Amino acid sequence: MSVLIKNGRIVTATDDYEADIFIQGETISMIGKNLTMNADTVIDASGKLVFPGGIDPHVHLEMPFMGTFSSDTHETGTRAALFGGTTTVIDFVLQKQGHSLKEALAEWNSRAKGTAVGDYSFHMAVTDFNEDSKAEIKGMVENEGITSFKTFMAYKGALMIDDRQMIGLMQEVKKQGGMVTVHATNGDVIDYLTAKHRSEGKLSPRYHYLSQPEVTEAEASGRFADMADYTGCPGYIVHMTCEGALNAVRSATRRNQKVFVETCIQYLTLDASLYGDDFEGAKWVMSPPLREKKDQQTLWAGINQGLVQIVATDHCPFKWEQKLMGKDDFSKIPNGHPAIENRMELLYGEGVHKGKITLNKYVEVACTNPAKIFGMFPRKGTIAVGSDADIVIFDPNQTHTLSAKTHHMNVDYSAYEGWELTGKVKTVLLRGTVAIDDDKCLVDRGYGQFIKRNKVSGKI
Ligand code: URP
Ligand code: ZN
Ligand code: ZN
C-alpha cells in the first residue's frame, strides 16, 4: 500500500518547509516538491501542519494501583492517544515486591499484546532491587528492548526503593547501557505529612497537595542527580512540577551533568487553585500535585532553556466512582488524571498558539526528544526517509472544546472540561496506515506493535 501526502507544511524539530511525502508500506520512502507518483491513497494537506506522530513516554494503562486499576486499557488508551495525535506510548511494567521482573513483564504482555491499537513500549519499574532482579537487567536490555528502569523515591510501603537500592540499580543499569528514571519526591517526608494531616482530621483532597510541598520534590531531585553523577548512570526525572526541582537540575549542569527532565501537560496548564475545600479537587489528585503559577512559568522557561526535554502526560485515569474511594480520606484517592488524548492539542493551543514555544520546539518536546532519549530514533520521532510513517496532519486554525462527552478515554470526566483550544488533529497515520480520519478510528484492536528500544547514551 502507498500513500501520498500533498502540499503540507512539514514541521520537524529542526525544519519547517512545504513538501509532499510518499509512503510505501510502513515507512517514508520519499520527500520532495510536486511528487507525481501514483499512490493508493492521496491526502491533500494544503493549509495543514504535518508533524511526526507524537510520543508520550509516561502513561499508565490498566495499572494496578492503590487498590484499583487505572481505567484505560492498552486498547482504549492507545486508541484515545491516536485520536489526539500520539502514535506511540511508553507504559510502565510494575515489578511486584518479592517477584521477578520477568513475571511482571509477562503480566503486562498478556494485557497489551494483541489489544493495543497504537504502538507501545515498556519501561520496567524496579520496586525490589536485589541480587535476583539485578541479574535480570541485562536480559531486559539485550533481549526485551526495555532500556529504561523506573524508580520511585515515594509511595513508601508500596513502590518506594531506598537509596541503597537506587545506587545499586544505577551501577547495574549503567553497565548494561540503560537509563534510570525516577519519581523524585521524598517519600519519608510525604509519609510524615500525610499521617499528620490525617491525625488532625484534615482529610479533603487539598491535603493531598499540602502533604507534598515543593521541598519534597526539590530535595529528591537533587539527591537523584547526585547519585546519577556519582554512578555515571544516565538519569531522567519524570513529571517534574516546580521551580525548586528544576533548580536542582540547573545546579547539576554546573558540573556538566545532564539529567533529563520531563514535565507533563497538566503542570504547564493547571494550578493548585483547583484544590478547593470540596471533593471536586479529587479530579486532579495526582503525585506530585499541581503547583503554583510561578512554577508553570519556570517550566515553560525550562523548555525554552533546554532544561526540560519532554512534555508527557503521566496519563493515569480513574473514573469518578474510583476517585470516590477517597471521599472521606485524601490518602485513599487513587492518584492520577486523564490526558493521553489531550496532550498534543493542549501543548499546541496553550504553547504554540499562545506564543510560549515555537513550532520546532513543540515537535522536539512532544515527538523527537522522547524518541531520542528512549532509544527509538530515527525509526520514530521525525519525518525522514526510512522512518516509520507515523504522521499527524493538523489544522492550526480549527477551534474546538474539550469535553468528557466527546473524548475517547475510558473515564467519565475531563480534567479540561470546557477548555477551548485552537489547533486540532485531523488525520493520523501509524506505520503508513491511516489510523484516524475525520474523528473516526480506522484501525483495529491489535494493530499496535511493541517497539523494542535501543540502548541509550544519556546524551542527545
Ligand atoms: O498520580 C500519579 N502520578 N499517578 C501515577 C503514578 C505515578 O506516580 O506516576
Ligand atoms: Zn510518579
Ligand atoms: Zn506516572
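Per an unreviewed UniProt entry, the chain carries the name Dihydropyrimidinase and comes from Spirosoma profusum. Quoted verbatim from the Sequence similarities (unreviewed entry) field of the UniProt record, the comment on the chain reads "Belongs to the metallo-dependent hydrolases superfamily. Hydantoinase/dihydropyrimidinase family."

**Let's talk about the coordination of the zinc ion (ligand 2)**
Donor atoms from the polypeptide that coordinate the zinc ion (ligand 2) comprise His183 (ND1) and His239 (NE2), at 2.0 to 2.1 Å from the metal. Relative to the metal, the 4 donor atoms surrounding the zinc ion (ligand 2) lie at angles of 56 to 152°, and the coordination shape comes out irregular. Between the zinc ion (ligand 2) and the zinc ion (ligand 3) the interatomic distance comes to 3.9 Å. With His183 in strand S12 (residues 179-183) and His239 in strand S13 (residues 235-240), the pair connects residues that are 56 residues apart, well separated along the chain. On the accessibility criterion, His183 (2% relative accessible area) is buried.

**Digging into helix H5 (residues 187-199)**
For H5, built from 13 residues, the straight-helix expectation of 18 Å at 1.5 Å per residue is met to within 8% by its first-to-last C-alpha distance of 18 Å. Within the span of H5, buried status applies to Gly187, Ile190, Leu193, Thr194 and His197. Around the axis of H5, the buried residues are gathered within 130° of arc, so they sit on the same side. Of the exposed residues in H5, the ones pointing more than 90 degrees away from its buried face are Tyr192 and Ser199.

**A word on the coordination of the zinc ion (ligand 3)**
Looking at the zinc ion (ligand 3), one finds its protein donor set to be His58 (NE2), His60 (NE2) and Asp314 (OD), positioned 1.9 to 2.1 Å from the metal centre. In primary sequence terms, the donor set of the zinc ion (ligand 3) follows H-x1-H-x253-D. Overall, Asp314 belongs to the buried group, its relative accessible area being 8%.

**With respect to the domain arrangement of the chain**
For the chain, the domain assignment lists domain 1 (2-51 + 383-441) and domain 2 (54-373). The straight-line distance from the C-alpha centre of domain 1 to that of domain 2 is 27 Å. At the interface, 39 residues of domain 1 touch 46 residues of domain 2. With both chains or domains summed, domain 1 and domain 2 bury close to 3,500 Å², and 66% of this area falls on carbon and sulfur atoms. Broken down residue by residue, the surface that domain 1 buries against domain 2 is led by Met409, Tyr413 and Tyr416, which jointly contribute 20%. Linking domain 1 with domain 2 are 1 salt bridge. Here Arg431 and Asp119 are joined by a salt bridge, their closest N and O atoms 2.7 Å apart. Inspection of the region where domain 1 meets domain 2 yields 13 residue pairs in polar contact (both at pLDDT 80 or more). Contributing elements (two or more residues each) for the side of domain 1 that touches domain 2: strand S1 (2-11), strand S5 (49-52), strand S16 (391-401), strand S17 (420-430), strand S18 (433-437) and strand S19 (440-441). Ranked by residue count, the leading element in the side of domain 1 that touches domain 2 is S17, at 8 residues. Here the residues of the side of domain 1 that touches domain 2 are counted per class, giving 22 nonpolar, 8 polar and 9 charged.

**Considerations on the site of ligand 1**
Within the structure, ligand 1 sits among His58, His60, Phe65, Tyr155, His183, His239, Met286, Ser287, Asp314, Cys316, Asn335 and Gly336. Here Ser287 contributes a backbone N or O atom positioned 2.8 Å from an oxygen atom of ligand 1. Measuring from an oxygen atom of ligand 1, one finds a backbone N or O atom of Gly336 at 3.4 Å. Out of a free accessible area of 270 Å², ligand 1 has 100% covered by protein chains. Of the residues contributing to the shell around ligand 1, the split by class is 4 nonpolar, 7 polar and 1 charged.

**Focus on the packing of helix H7 (residues 214-231) against helix H8 (residues 243-253)**
In contact at an axis separation of 7 Å, H7 and H8 are set at 20° when each is read in the N-to-C sense. As summarised for this structure, H7 and H8 are arranged roughly parallel, according to the angle between their axes. Two packed elements cross with a definite hand, and for H7 against H8 that hand is right-handed. Between H7 and H8, the residues in contact are Glu214, Glu217, Ala218, Ser221, Gly222 and Ala225 and Glu243, Gly244, Ala245, Ala248 and Ala252, respectively. Class assignment for the residues of the contact of H7 with H8 results in 5 nonpolar, 3 polar and 3 charged.

**Observations concerning the environment of Ser70**
On the secondary structure map, Ser70 appears in the loop between strand S8 (68-69) and helix H1 (74-83). For Ser70 and Gly336, which are 266 residues apart along the polypeptide, the C-alpha to C-alpha distance reads 8.4 Å. At 3.1 Å, the side chain of Ser70 forms a polar contact with the backbone nitrogen of Glu62.

**A word on the UniProt feature "modified residue: N6-carboxylysine" (unreviewed entry) in the chain**
Here the UniProt feature "modified residue: N6-carboxylysine" (unreviewed entry) sits at Lys150. Position of Lys150 among the secondary structure elements: in strand S11 (residues 148-152).

**Side note on the sheet that holds S12**
In space, the 8 strands of this open sheet follow the order S6-S9-S10-S11-S12-S13-S14-S15, with parallel pairing throughout. Of all the strands in the sheet, the pair left with one neighbour each is strand S6 (54-59) and strand S15 (310-312). The mean angle between the axes of side-by-side strands here comes to 30°, regardless of whether they run parallel or antiparallel. The pairing of strand S10 (residues 119-125) with S11 spans 2 bridges and is parallel.

**Overview of the pairing of S13**
With 6 of 6 residues buried, S13 lies mostly within the body of the structure. Bridge count between S12 and S13: 3 bridges; the pairing is parallel. From the neighbouring strand, Val182 faces S13, where its bridge partner is Ile237. Here S13 pairs with strand S14 (residues 259-264) via 4 bridges, running parallel. In the sheet register, Gly235 faces S14, and the bridge partner there is Val259.

Parameters at a glance
- Numbers given for residues are sequential positions, taken from 1 along each chain in its written order.
- Chains carry letters and ligands carry numbers; both start at the beginning, A for chains and 1 for ligands, and go up in the order they are written.
- The predicted origin of the model limits local features to residues at a pLDDT of at least 70 and limits the giving and counting of side-chain atom pairs to 80 or more, whereas totals for whole chains, interfaces and linings rest on all residues.
- Derived side-chain values reflect all non-hydrogen atoms in the structure, with water molecules and hydrogen atoms excluded from consideration.
- UniProt positions are given in the numbering used here, feature names are shortened, and annotations may be inferred rather than shown by experiment.
- Because no water is among the atoms considered, metal sites can look incomplete, with donors defined as N, O and S atoms within 2.8 Å of the metal, or 3.2 Å for Na, K and Ca.
- Here a site with four donors is tetrahedral if all angles are between 85 and 135 degrees, and a site with four or six donors is square planar or octahedral if opposite donors are over 155 degrees apart and the other angles are between 65 and 115; anything else gets the irregular label.
- The helix count covers DSSP runs of H or I at least four residues long, the strand count covers runs of E at least two residues long, and both are numbered beginning at the N terminus.
- Partly exposed residues are those whose accessible area sits between 20% and 50% of the maximum for their type, while under 20% is buried and over 50% is exposed, using a 1.4 Å probe and protein chains only.
- Each helix should span, by expectation, one fewer than its residue count multiplied by 1.5 Å.
- Arc definition: directions from the helix axis to the C-beta atoms.
- An automatic or database domain assignment provides the domain bounds reported here.
- Contacts are assigned to residue pairs with any non-hydrogen atoms lying within 4.5 Å of each other.
- Note on terms: buried area is the combined drop in 1.4 Å-probe accessible area of two parts once they are placed together, counting the loss on both.
- Salt bridges, as used here, are contacts in which a Lys or Arg side-chain nitrogen is within 4 Å of a carboxyl oxygen on Asp or Glu.
- Distance and chemistry together define a polar contact, namely a pair of N or O atoms within 3.5 Å, with one atom able to donate a hydrogen and the other to accept it when in protein, and with adjacent residues in sequence counting only for side-chain atoms on both sides.
- In this classification, the charged set is Asp, Glu, Lys and Arg, the nonpolar set is Ala, Val, Leu, Ile, Met, Phe, Trp, Tyr, Cys and Pro, and all remaining amino acids, among them Gly, are polar.
- We call a residue near a given molecule or strand whenever any one of its heavy atoms falls within 4 Å of it.
- Only the protein chains shown count as covering a residue, and every accessible area follows the Shrake-Rupley method with a 1.4 Å probe.
- Working convention: axes come from line fits to C-alpha atoms, limited for helices to the stretch in contact. Angles between N-to-C directions cover 0 to 180 degrees.
- Angular relationships are summarised with four words: roughly parallel below 35 degrees, roughly antiparallel beyond 145, roughly perpendicular across 65 to 115, and oblique for the angles in between.
- Helix crossings are classified by the rotation of the near helix relative to the far one: an anticlockwise turn of less than a right angle makes the crossing left-handed, while a clockwise turn makes it right-handed.
- Strands were regarded as paired on the criterion that DSSP finds at least two bridges between them.

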